[in-house]
Amino acid sequence: LVKYDKVWRAGANETTAITFSADTKLNGNDIAAGTYAFFIIPKENADWTVIFNEEWSVDEHDAWGSSHYDEEKDVLRFDVTPTWAEESMEMLTYKVDAAGITFAWEKARFTIAVG
């Protein structure tokens, strides 16, 4: 359902947003406290690109899904290497724990280290 090499809102309907209550590091990259849109560019045979963008609100920024995505508003981008599980995760799932933020959907998995 999600096309390779296209910016994906990493969820359904509205833009997926994430809030950090303090300055932190994501996969070793600094990000300031605040709320960000979370996008992913899945790739068929390469690392996936994770994007944190300053335009996260439909009310404040007219941000709906990835239809108004503006690369110039990116705050942070980095690549992650997905792993492929045997079992399929039908419902898109994010888990936050000591390991970081783990993404699981269909057979794809990756974790963003936090801290």
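Residues numbered from 1 in each chain as written. Predicted model: local features only at pLDDT ≥ 70, side-chain atom pairs only at ≥ 80, totals over all residues. Heavy atoms only, no water.

1. As for the layout of surface pockets
Next, step 1: As a volume, the largest pocket reaches approximately 240 Å³.
Next, step 2: The element contributing the most residues to the lining of the largest pocket is strand 8 (residues 100-112), with 4 residues.
Next, step 3: A breakdown of the residues in the lining of the largest pocket according to their chemical character gives 10 nonpolar, no polar and 4 charged.
Next, step 4: Approximately 190 Å³ is the volume found for the second largest pocket.
Next, step 5: Considering only residue class, the lining of the second largest pocket consists of 6 nonpolar, 1 polar and 3 charged. (1 Å grid on protein atoms, 1.4 Å probe; cavity = no way out; pocket = protein on both sides within 12 Å on 5 of 7 lines; lining within 4 Å. Points joined across faces, edges and corners; volume = space filled by probe spheres on them. Helix = DSSP H or I, 4+ residues; strand = E, 2+ residues; numbered from the N terminus. Nonpolar A, V, L, I, M, F, W, Y, C, P; charged D, E, K, R; others polar.)

2. Observations regarding the pattern of salt bridges
Next, step 1: In total, this model carries 6 salt bridges according to the counting rule given.
Next, step 2: Between Glu87 and Arg109 there is a salt bridge whose closest N-O contact spans 3.8 Å. A residue pair is termed long-range when its members are at least 10 positions apart, and Glu87 in strand 7 (residues 83-97) and Arg109 in strand 8 qualify at 22 residues.
Next, step 3: Among the residues examined, Arg109 registers a relative accessible area of 14% and is labelled buried.
Next, step 4: Here Lys95 ties to Asp97 by a salt bridge, and the two come within 3.5 Å at their closest N and O atoms.
Next, step 5: The exposure class of Lys95 is partly exposed, given its relative accessible area of 48%.
Next, step 6: Salt bridges sharing partners connect three or more residues here, namely Glu71, Asp74 and Arg77. (Salt bridge = Lys/Arg side-chain N within 4 Å of Asp/Glu carboxyl O. Buried < 20%, exposed > 50% of the residue type's maximum accessible area, 1.4 Å probe, protein only.)

3. Brief notes about the environment of Lys43
Next, step 1: Note on placement: Lys43 falls in the loop between strand 4 (34-41) and strand 5 (48-53).
Next, step 2: The sequence separation of Lys43 and Thr24 amounts to 19 residues, and the corresponding C-alpha distance is 27 Å.
Next, step 3: When neighbours within four sequence positions are excluded, Lys43 is seen to be in contact with Tyr4, Asp5, Trp48, Thr49 and Asp79.
Next, step 4: Within polar-contact distance, the side chain of Lys43 engages the side chain of Thr49 at 2.8 Å. (Contact = heavy atoms within 4.5 Å. Polar contact = N/O pair within 3.5 Å; in protein donor to acceptor, adjacent residues only side chain to side chain.)

4. Digging into unusual backbone geometry
Next, step 1: Of note in this structure, Asn27 is not a glycine but carries a positive phi near 50°.
Next, step 2: Inspection of the secondary structure assignment puts Asn27 in the loop between strand 2 (24-26) and strand 3 (29-31).
Next, step 3: Of the residues examined, Asn27 reaches a relative accessible area of 30% and is grouped as partly exposed.
Next, step 4: Positive phi, normally seen in glycine, also occurs at Glu106, with a value near 55°.
Next, step 5: The topology assignment puts Glu106 in strand 8.

5. Structural notes on the packing of aromatic side chains
Next, step 1: Under the defined criterion, the tally for this structure stands at 13 aromatic pairs.
Next, step 2: With a centroid separation of 6.4 Å and an interplanar angle of 45°, the aromatic rings of Phe20 and Tyr36 are classed as tilted. A residue pair is termed long-range when its members are at least 10 positions apart, and Phe20 in strand 1 (residues 17-20) and Tyr36 in strand 4 qualify at 16 residues.
Next, step 3: When the centroid spacing of 4.7 Å and the interplanar angle of 10° are considered together, the rings of Phe103 and Phe110 count as stacked. Here Phe103 and Phe110 have matching classes, each one buried.
Next, step 4: Through a chain of ring-to-ring contacts, the aromatic side chains of Trp8, Phe20, Tyr36, Phe38, Trp48, Phe52, Phe78, Trp84, Tyr94, Phe103, Trp105 and Phe110 assemble into a single cluster. (Phe/Tyr/Trp six-rings, centres within 6.5 Å; stacked < 30°, edge-to-face > 60°.)

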